[in-house]
Amino acid sequence: MSQRKRSRGLGPSQGGDGDEDFNLSPTPSHSQLQRNLERRSQDQINQKASELVQFLLVKDQKKIPIKRIDILKKVIGDYRDVYSEIVNRAGRTLQQVFGLQLVEIDTKHHVYILTSDLPRAEGENLHRDNQTAKLGLLIVILSFIFMKGNSAKDGAVWEFLRRLRVQPGERHEVFGDVKKLVTEEFVRQKYLEITPIPLTDPPEFKYQWGLRAAKETSKKDVLRFVAQIQKKDPTFWTSQYNEAEATP
């Protein structure tokens with residue numbers, strides 16, 4: 001494999017790529033960044049880093065280049081005074097958990113891609129990318145269900161996905177018909193089980209792990225995934241930790 005270009009940070013724009021419309025302040029000094037960090041709780045920063053990880057995974061599933069301006073507008077938002085720390089934490093999670101690197105491929109317009117540290121067999125890339133796209137979304141849903149006590153209402157699931165810019169009523173650029181993927185394909189493959197909740201009007205449904213999910217992953221693995229993203233020890237979630245440890 002050829003040596004990859006070294007990953008570059010998401011520093012403020014030096015040219016006219018549209019970032020100026022977002023009114024970014026100059027890069028803060030180390031001392032200024034520390035003061036900014038002191039004004040934010042660690043939970044707030046970790047949550048933003050988690051959102052950025054999930055945004056990047058979803059956005060780049062089919063190797064669609066990621067524009068820095070989209071990251072700033074759609075994820076960083078009002079946290080731009082500490083965005084370098086958010087990006088650094090997200091980058092560490094991508095590397096440690098997924099074996100991925102955030103690499104800048106266009107220094108003028110600040111366009112990025114995620115590259116894998118894992119070798120791939122030639123001719124299988126498209127198939128694997130497609131499967132990665134679906135499995136990336138699936139692991140996020142399974143994690144959400146487990147952390148909610150092994151069952152989550154459909155409204156809660158879709159509200160969570162909306163925060164990741166995955167809208168059930170809109171055709172997604174990567175997943176296509178997201179609602180069909182989740183409620184039909186994942187269910188047919190036995191990754192998810194969706195059952196109606198009695199005596200609800202309008203009808204509500206609960207989402208749970210399907211039989212295939214229980215065979216192909218574990219609650220311990222899912223909790224470890226969540227802990228890596230949130231930068232916490234798995235024991236932080238006492239109930240989920242005890243359940244994961246007790247589950248074969």
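Remember, it's a predicted structure, so these values are computed and weren't measured experimentally.

Participant: Can you help me understand the environment of Phe 175 in this one?
Facilitator: As for its position among the elements, Phe 175 is in the loop between β5 (171-172) and β6 (176-177). You can call Phe 175 buried: its relative accessible area is 11%. Expressed as a C-alpha distance, the spacing of Phe 175 and Lys 134, which sit 41 residues apart in the sequence, is 7.3 Å.

Participant: Teacher, can you tell me more about the nonpolar core here?
Facilitator: Soluble, globular proteins show a tendency: their nonpolar side chains are buried together. Counting 58 residues, the largest nonpolar core has Leu 52, Leu 56, Leu 137, Leu 161, Val 182, Phe 186 and Leu 192 as its most contacted members. Among residues more than four places away in sequence, those in contact with Leu 192 are Leu 138, Ile 141, Leu 142, Ile 145, Val 182, Phe 186, Val 187, Tyr 207, Gln 208 and Gly 210.

Participant: Is there a simple way to explain the confidence of the model for the protein chain in this structure?
Facilitator: Interpreting fine coordinate detail is not advised for predicted regions of low pLDDT. Taken residue by residue, the protein chain gives an average pLDDT of 77. The fraction at 70 or more is 75%. Note on residues 118-128: pLDDT under 50 across the span, and 8 contacts to partners over four residues away in sequence or across chains.

Participant: Honestly, the sheet that holds strand β7 (residues 192-197) in this entry has me stumped. Any pointers?
Facilitator: Backbone-to-backbone hydrogen bonds pair the strands of a sheet. The strands run either parallel or antiparallel. The strand order across the open sheet formed by 3 strands is β4-β8-β7, and the pairing between neighbours is antiparallel. At either margin of the open sheet sits one strand with a lone partner, and together these are β4 (152-153) and β7. As judged from the 2 bridges shared by β4 and strand β8 (residues 204-209), these two strands associate in the antiparallel manner. Along β8, the bridge assignment pairs Lys 153 with Lys 206. Together, β7 and β8 form the strand contacts of helix α7 (residues 178-188), whose direction differs from that of β7 by roughly 120 degrees.

Participant: Please explain the packing of aromatic side chains as it appears in this structure.
Facilitator: Scanning all chains against the criterion turns up 3 aromatic pairs. Ring centres 4.5 Å apart and planes at 15 degrees place the aromatic pair Phe 144 and Phe 160 in the stacked group. Separated by 16 residues along the polypeptide, Phe 144 in helix α5 (residues 125-147) and Phe 160 in helix α6 (residues 154-163) bring together distant segments of the chain. Of the two residues examined, Phe 144 and Phe 160, each falls in the buried class. Sitting over the ring of Phe 236, Lys 232 keeps its end group 4.4 Å from the ring centre.

Participant: Help me out: how do you make sense of the pattern of salt bridges in this one?
Facilitator: The full count for this structure, using the stated rule, is 9 salt bridges. Salt-bridge contacts for Glu 216 lead to Arg 212; the nearest nitrogen and oxygen are separated by 2.9 Å. Placement of both Glu 216 and Arg 212 in helix α8 (residues 211-216) is noted, with a separation of 4 residues, approximately one turn of the helix. Taking relative accessible area as the criterion, Arg 212 reaches 38% and is therefore assigned partly exposed. Arg 224 is the salt-bridge partner of Asp 221, the closest N and O atoms lying 2.8 Å from each other. Residue Asp 221 and its partner Arg 224 are both found in helix α9 (residues 219-230); the two are separated by 3 residues, about one turn of the helix.

Participant: It is not clear to me how unusual backbone geometry should be interpreted in this structure. Could you clarify?
Facilitator: Note on backbone geometry: most residues besides glycine have negative phi, and most peptide bonds are trans. For the peptide bond that leads from Asp 201 to Pro 202, omega is 0 degrees, which places it in the cis range. The residue Pro 202 is located in the loop between β7 and β8 in this model. Non-glycine residue Lys 190 carries a positive phi angle of around 70 degrees. If you trace the backbone, Lys 190 turns up in the loop between α7 and β7.

Parameters at a glance
Residues numbered from 1 in each chain as written. Predicted model: local features only at pLDDT ≥ 70, side-chain atom pairs only at ≥ 80, totals over all residues. Heavy atoms only, no water. Helix = DSSP H or I, 4+ residues; strand = E, 2+ residues; numbered from the N terminus. Buried < 20%, exposed > 50% of the residue type's maximum accessible area, 1.4 Å probe, protein only. Core = buried A, V, L, I, M, F, W, Y, C linked by side-chain atoms within 4.5 Å. Contact = heavy atoms within 4.5 Å. pLDDT = per-residue confidence, 0-100. Pairing = 2+ DSSP bridges. Axes fitted to C-alpha atoms, helices over the stretch in contact; angles between N-to-C directions. Phe/Tyr/Trp six-rings, centres within 6.5 Å; stacked < 30°, edge-to-face > 60°. Lys NZ or Arg CZ within 6 Å of the ring centre and 35° of its normal. Salt bridge = Lys/Arg side-chain N within 4 Å of Asp/Glu carboxyl O.

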